[in-house]
Amino acid sequence: MDIWYLLQERAVPVTILALLMMGSAVVVFTVWKRRLVLSMPLRLFTTIVCLVCIVVSAGLLLFTLFLGYNS
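Before going into details, it helps to say that this report is about the structure given with it. Residue numbers restart at each chain and count upward from 1, following the sequence in its written direction. This being a predicted model, a pLDDT of at least 70 is required before a residue's local features are given, and a value of 80 or more before pairs of side-chain atoms are given or counted; all residues contribute to the totals for chains, interfaces and linings. Side-chain metrics in this entry use all non-hydrogen atoms of the structure; hydrogen atoms and water are not considered.

What follows concerns the packing of aromatic side chains. Ring pairs are drawn from Phe, Tyr and Trp, using the six-membered ring of Trp, whenever the two centres fall within 6.5 Å, and their geometry is named by plane angle: stacked under 30 degrees, edge-to-face over 60, tilted for the rest. With the rule as written, the count across this model stands at 0 aromatic pairs. Above the plane of the ring of Trp 32 lies Arg 43, whose end atom (NZ or CZ) is 5.6 Å from the centre. A positively charged side chain is recorded as over a ring if its NZ (Lys) or CZ (Arg) lies within 6 Å of the ring centre. The angle to the ring normal must also be within 35 degrees.

Written out as structure tokens, the structure is:
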């Protein structure tokens, strides 16, 4: 199938997962570059949780695009 057709057909899940990925990336960037007053264990925990969200969202995004719907 054409990738443009797949994106149009699955717009809502793709948008939600892309927003989750971008939000997680912004949180990781803010935590490490802005030098917020956070303890190191809290920084590491936040980074690990956000990176897990990014990886899971990327996997679900690929699954939704190519295998998610039977059409």
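Having seen the model, we can carry on.
Okay, the packing of helix α2 (residues 11-33) against helix α3 (residues 40-66) next. An axis is simply a line fitted to the C-alpha atoms; with a helix, the fit covers only the stretch in contact. Between two such axes, the angle follows the N-to-C directions and lies from 0 to 180 degrees. Here a strand is any run of E in DSSP of at least two residues, a helix any run of H or I of at least four, and the numbering for each starts at the N terminus. Viewed as axis vectors pointing N to C, α2 and α3 meet at an angle of 160°, and their least axial separation amounts to 9 Å. One element, α2, and the other, α3, form an angle in the roughly antiparallel class. The hand of the α2/α3 crossing is left-handed. All residues other than Ala, Val, Leu, Ile, Met, Phe, Trp, Tyr, Cys, Pro, Asp, Glu, Lys and Arg, Gly among them, are scored as polar; the first ten of these are nonpolar and the last four charged. Residues that form the contact of α2 with α3 fall into these classes: 19 nonpolar, 5 polar and 1 charged. What sets the label is the angle itself: under 35 degrees gives roughly parallel, over 145 gives roughly antiparallel, 65 to 115 gives roughly perpendicular, and the rest give oblique. By convention, the crossing between two helices is left-handed when the near helix turns anticlockwise from the far helix through less than a right angle, and right-handed when the turn is clockwise.

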